[in-house]
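# Observations on chain architecture
The chain contents come next:
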There are 2 protein chains.
Amino acid sequence: MIEIERKFLVSSLNFKNEAVSRTFIAQGFLTTEPERTVRVRVKGEQGYLTVKGISNVSGTSRREWEFEIPKTEAMDLLGLCPSVLEKNRFEVPVGSHLYEVDEFLGANAGLVLAEIELESEEEVFQRPNWLGKEVTGDVRYYNSQLSLSPYSEWGQTS
Amino acid sequence: MIEIERKFLVSSLNFKNEAVSRTFIAQGFLTTEPERTVRVRVKGEQGYLTVKGISNVSGTSRREWEFEIPKTEAMDLLGLCPSVLEKNRFEVPVGSHLYEVDEFLGANAGLVLAEIELESEEEVFQRPNWLGKEVTGDVRYYNSQLSLSPYSEWGQTS
């Protein structure tokens, strides 16, 4: 399937009042090459292996293939990943859309990102008051990049 | 599972007289890092996604996780791989073991490799007369390497 996703910073924690679910996610990447990322994820009681293909220029469309795998095997595979990222995911309905809001933990604590999936690049959607600046296509906010270069280390001079 | 595999060159095509099956395989790699290779394979009518983990020093033990996926999705994923390797696989019973013999095609034509899977590193097995030099642990003969540096280009001076 073709994914149209737009990604935003989140400016307040008020989204939690409107959330309908919260799930702990642990994930890592077996490869982070943008042309073919391979992600391992444990989400609740299920494991997943997800391959994402080449982005278009604007970064809003990527092809994605997701396979369910046993949770125990997903945990094995997380052990192969160079780093593991942990977050709580909240589902927040707004108008006719569903925002997925990720509150990152560990080395990315303090970062909160919201994503909305659209059927076309022109589709109109509501922006709730907790929604901040759009960061669609900004590679620093890719989960694959947050594994390598976590939020807590941004802006450090070396 | 832990795999104990030994790999050999094949010195004649006589193995075909003893083969009990022959299957066409197309495969590619989403990543070839030795610590975490991810292989896409179409074998007959089935697709597979296989992750292999870290080798021991001698190169005979690797952890492996294999997931069946639909053939159509495996063909999609082959399209993401930097190169696709094609071969005919023959199953050849010898004594109480089964050799898997791969006759490579395309850029690796001329190369034939036999593999045997053992339950321990000390296990005894028969060596048929068509079996050549052992190449276990020689990275040039890894399928991942044969994609990047095919047999037909070996020994070329550049």
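Residues numbered from 1 in each chain as written. Chains lettered and ligands numbered in written order. Predicted model: local features only at pLDDT ≥ 70, side-chain atom pairs only at ≥ 80, totals over all residues. Heavy atoms only, no water.

What follows deals with the nonpolar core. Of all hydrophobic cores here, the largest spans 30 residues; its most connected members are A:L30, A:L49, A:L77, B:L30, B:L49 and B:L77. Beyond its immediate chain neighbours, meaning those up to four positions away, B:L49 contacts A:L49, A:V51, A:F67, B:L30, B:V38, B:R39, B:V40, B:W65, B:E66, B:F67, B:I69 and B:L77. (Core = buried A, V, L, I, M, F, W, Y, C linked by side-chain atoms within 4.5 Å. Buried < 20%, exposed > 50% of the residue type's maximum accessible area, 1.4 Å probe, protein only. Contact = heavy atoms within 4.5 Å.)

Scanning the model with the defined rule gives zero disulfides over all chains in all. Of all cysteine sulfurs in the structure, the one in B:C81 sits closest to A:C81, which takes part in no disulfide; the separation is 18 Å. Residue class for B:C81 comes out buried when judged on its relative accessible area of 8%. (Disulfide = S-S within 2.5 Å.)

All right, on to the relation of the copies chain A and chain B then. By a simple turn and slide, chain A fits onto chain B: the slide is 0.0 Å along the axis, the RMSD is 0.0 Å, and the turn is 180°. In the structure described here, the two chain copies are related by an operation that fits a two-fold rotation axis. Minimal C-alpha separation from the rotation axis in chain A is found for A:T31, amounting to 3.1 Å. When the interface residues of chain A are mapped onto chain B, 100% of them again fall at the interface, so both copies present the same face. (Least-squares fit on C-alpha atoms with pLDDT ≥ 70 in both.)

Every contact between the two is made by 21 residues of chain A and, on the other side, 22 residues of chain B. Taking both partners together, chain A and chain B bury about 1700 Å²; carbon and sulfur atoms supply 73% of that area. Interface area lost by chain A to chain B is led by A:R36, A:F67 and A:L80, which between them contribute 34%. The tally of links between chain A and chain B comes to two salt bridges. Between B:R63 and A:D76 there is a salt bridge, with the nearest N and O atoms lying 3.7 Å from each other. Applying the counting criterion to the chain A and chain B interface returns four residue pairs in polar contact (both at pLDDT 80 or more). Of all the secondary structure elements, the ones that give two or more residues to the side of chain A that touches chain B are β2 (21-31), β4 (46-55), β5 (61-69) and α2 (71-78) of chain A. Along the lines of polarity and charge, the residues of the side of chain A that touches chain B split into 12 nonpolar, two polar and seven charged. (Buried area = accessible area lost by both parts, 1.4 Å probe. Salt bridge = Lys/Arg side-chain N within 4 Å of Asp/Glu carboxyl O. Polar contact = N/O pair within 3.5 Å; in protein donor to acceptor, adjacent residues only side chain to side chain. Helix = DSSP H or I, 4+ residues; strand = E, 2+ residues; numbered from the N terminus. Nonpolar A, V, L, I, M, F, W, Y, C, P; charged D, E, K, R; others polar.)

The next point concerns the confidence of the model for chain A. Residue and element names in this part refer to chain A. In this model, chain A carries an average pLDDT of 91, and 92% of its residues clear a pLDDT of 70 or more. Here helix α3 (residues 143-148) stands out as the element of chain A with the lowest mean pLDDT, 85, in contrast to strand β7 (residues 97-104), whose mean of 98 is the highest. Reported confidence for the predicted complex is 0.70 by ipTM and 0.74 by pTM. (pLDDT = per-residue confidence, 0-100.)

Residues and elements named next belong to chain A. Scanning all chains against the criterion turns up 12 aromatic pairs over all chains. When the ring of Y99 is compared with that of W130, the centres are 5.5 Å apart and the planes differ by 75°; the resulting orientation is edge-to-face. Of the two residues, Y99 sits in strand β7 while W130 sits in the loop between β8 (112-118) and β9 (131-134), which places them 31 residues apart along the sequence. Like W130, Y99 is buried. (Phe/Tyr/Trp six-rings, centres within 6.5 Å; stacked < 30°, edge-to-face > 60°.)

On to the pairing of strand β6 (residues 84-94) of chain A, then. All names here are of chain A. Direction of pairing for β2 relative to β6: antiparallel, over a ladder of eight bridges. Bridge pairing in β6 places G28 opposite V84. Here β6 folds back onto β7 in antiparallel fashion, the turn holding two residues, of which G95 has a positive phi close to 60°. (Pairing = 2+ DSSP bridges.)

Let us now look at the environment of A:E33. For A:E33, the location among the structural elements is in the loop between β2 and β3 (37-43). Overall, A:E33 belongs to the partly exposed group, its relative accessible area being 35%.

Here we take up helix α2 (residues 71-78) of chain B. Every buried residue of α2(B) is listed here: B:A74, B:L77 and B:L78. Seen from one end, α2(B) has its buried residues packed into an arc of 105°, which puts them on one side. (Arc of directions from axis to C-beta.)

All names here are of chain B. Pairing geometry for strand β2 (residues 21-31) and strand β3 (residues 37-43), over six bridges, is antiparallel. Paired with Q27 across the two strands is R41, which belongs to β3. The loop that links β2 with its antiparallel partner β3 comprises five residues.

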